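Per-entry structural report
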Amino acid sequence: MSNEHIKIDPSWKQALNDEFNKPYFPLIRKFILGQQSSGKRIYPPGSLIFQAFNLTPFTAVKVVILGQDPYHQPGQAHGLCFSVQRGVKVPASLVNIYKELKSDLGISPPHHGNLESWALQGVLLLNASLTVNEGEPNSHANCGWQLFTDAVIKKISDEKEGVVFLLWGNFARAKKALIDTNKHFVLEAAHPSPLAGNAFQGCKHFSKTNEILKQQNKLPINWSIEE
């Protein structure tokens, strides 16, 4: 997984060039290949590992939503946190995100869980780990991905201004230390997982995000998702 072979938007390739050339980065590929050679199935497929970066170029990032790691069942993960491919049952966390969208902005939930329309508007849907073994949540948490995605968050913090970071749950909130809150906006809430009860409901992060963007004369996000 050298810089030349990574299928990633050129603006990210330039921004993250130093990370791709650090000693830890080739070890991620080595780890993944080792898992595959031992019979593990890896999600998402290789062509979609960097999909969040391809749909949301560095130059376009206005909002960051942070997830922990990809969905680990067949056909779900496609490189965007909380999002699943069309035709796949909408996961419980995303059901709760849709409930909040409805109560916050009156947006009716679609019948699918594909969030690409958000990504195309500048919402970086970033998982802290970019790959996972089938049926084994968090199985790639210590292979080096978090060094990489922490660097992504810090790069956004250092080189951009006025980005809205949505940190849902304790794992995401711990990343606040990487963000310069003097020049960016951080909205925190409970995780949308049913395991957190209904604590996520009522956070109004979608309307608050758009208010912040409008105050900066940036185009707000159209959070509605077409069928």
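Calculation notes
Residues numbered from 1 in each chain as written. Predicted model: local features only at pLDDT ≥ 70, side-chain atom pairs only at ≥ 80, totals over all residues. Heavy atoms only, no water. Helix = DSSP H or I, 4+ residues; strand = E, 2+ residues; numbered from the N terminus. Buried < 20%, exposed > 50% of the residue type's maximum accessible area, 1.4 Å probe, protein only. Contact = heavy atoms within 4.5 Å. Areas by Shrake-Rupley, 256 points an atom, 1.4 Å probe, with all protein chains shown as cover. Lys, Arg positive; Asp, Glu negative; His and termini not counted. Charge placed at Lys NZ, Arg CZ, Asp CG, Glu CD. Axes fitted to C-alpha atoms, helices over the stretch in contact; angles between N-to-C directions. Parallel < 35°, antiparallel > 145°, perpendicular 65-115°, else oblique. Nonpolar A, V, L, I, M, F, W, Y, C, P; charged D, E, K, R; others polar. Expected span 1.5 Å × (residues − 1). Pairing = 2+ DSSP bridges. Phe/Tyr/Trp six-rings, centres within 6.5 Å; stacked < 30°, edge-to-face > 60°. Lys NZ or Arg CZ within 6 Å of the ring centre and 35° of its normal. 1 Å grid on protein atoms, 1.4 Å probe; cavity = no way out; pocket = protein on both sides within 12 Å on 5 of 7 lines; lining within 4 Å. Points joined across faces, edges and corners; volume = space filled by probe spheres on them.

1. Things to note about the overall build of the protein chain
Each helix and strand counted, the protein chain has 9 helices and 6 strands in total. With the C-alpha coordinates of the protein chain rotated into their principal frame, the extents come out at 45 × 35 × 30 Å. Among the 227 residues that make up the protein chain, the fraction classed as buried is 52%. Counted over contacts in the protein chain with a minimum sequence separation of 6, partners at least 24 positions apart contribute 68%. Of the accessible surface of the protein chain, which amounts to about 10,500 Å², a share of 51% is contributed by carbon and sulfur atoms. Taken as two groups, the 23 positive and 19 negative side-chain charges of the protein chain have centres that lie 2 Å from each other.

2. Observations concerning the packing of helix α3 (residues 24-37) against helix α7 (residues 145-159)
Interhelical geometry of α3 versus α7 gives an angle of 135 degrees and a closest axis separation of 9 Å. In terms of axis orientation, α3 runs oblique to α7. Residue-level contacts link Tyr24, Phe25, Ile28 and Ile32 of α3 to Trp145, Leu147 and Phe148 of α7. For the contact of α3 with α7, a count of residues per class yields 7 nonpolar, no polar and no charged.

3. Here's the deal with helix α5 (residues 92-105)
In a regular helix each residue adds 1.5 Å, so 14 residues correspond to 20 Å; α5 covers 20 Å between its end C-alpha atoms and thus fits that length. Turning to α5, its buried residues are Ser93, Leu94, Asn96, Ile97, Tyr98, Glu100, Leu101 and Asp104. Turning to α5, the residues buried within the fold contact α6 (116-119), β5 (164-168) and α9 (205-215).

4. A few points about the sheet that holds β5
The strand order β3-β2-β5-β6 describes an open sheet built from 4 strands, whose pairing is parallel. Of all the strands in the sheet, just β3 (123-127) and β6 (185-189) have a single pairing partner and so form its edges. Shown here is a sheet whose adjacent strand axes are inclined to one another by a mean of 20 degrees, direction ignored. In the sheet, β5 pairs with β6 via 5 bridges, with the strands oriented parallel. Opposite Trp168, over in β6, you have Ala189 as the bridge partner. Strands in contact with α7 are β2 (63-67), β3 and β5; relative to β3, the strand with the most contacts, it is inclined by about 155 degrees.

5. Focus on the packing of α5 against α9
Remark: α5 packs on α9, axes separated minimally by 8 Å, with the N-to-C direction vectors making an angle of 60 degrees. With respect to α9, the element α5 is oriented oblique. Listed contacts from α9 to Ile97, Glu100, Leu101, Asp104 and Leu105 of α5 are His205, Phe206 and Ser207.

6. Things to note about the packing of aromatic side chains
By the definition in use, this model includes 18 aromatic pairs. Residues Trp168 and Phe206 carry aromatic rings whose centres are separated by 6.2 Å and whose planes lie at 70 degrees to one another, so their mutual orientation is edge-to-face. With a gap of 38 residues between them, Trp168 in strand β5 and Phe206 in helix α9 connect regions that are remote in the sequence. Residue classification places Trp168 among the buried positions, given a relative accessible area of 2%. For Phe206, a relative accessible area of 0% puts it in the buried group. By way of ring pairs, the aromatic residues Trp12, Phe20, Tyr24, Phe25, Phe50, Phe53, Phe58, Trp145 and Phe148 are connected into one cluster. Stacked on the ring of Phe58, the Lys or Arg Lys160 has its end atom at 5.2 Å from the ring centre.

7. What to know about the layout of surface pockets
As a volume, the largest pocket reaches approximately 640 Å³. What lines the largest pocket is a set of 33 residues, and nearest its centre among them are Gln68, Asp69, Tyr71, Ser93 and His191. Contributions of two or more residues to the lining of the largest pocket are made by β2, α5 and α8 (169-173). Tallying contributions element by element places α8 first for the lining of the largest pocket, with 4 residues.

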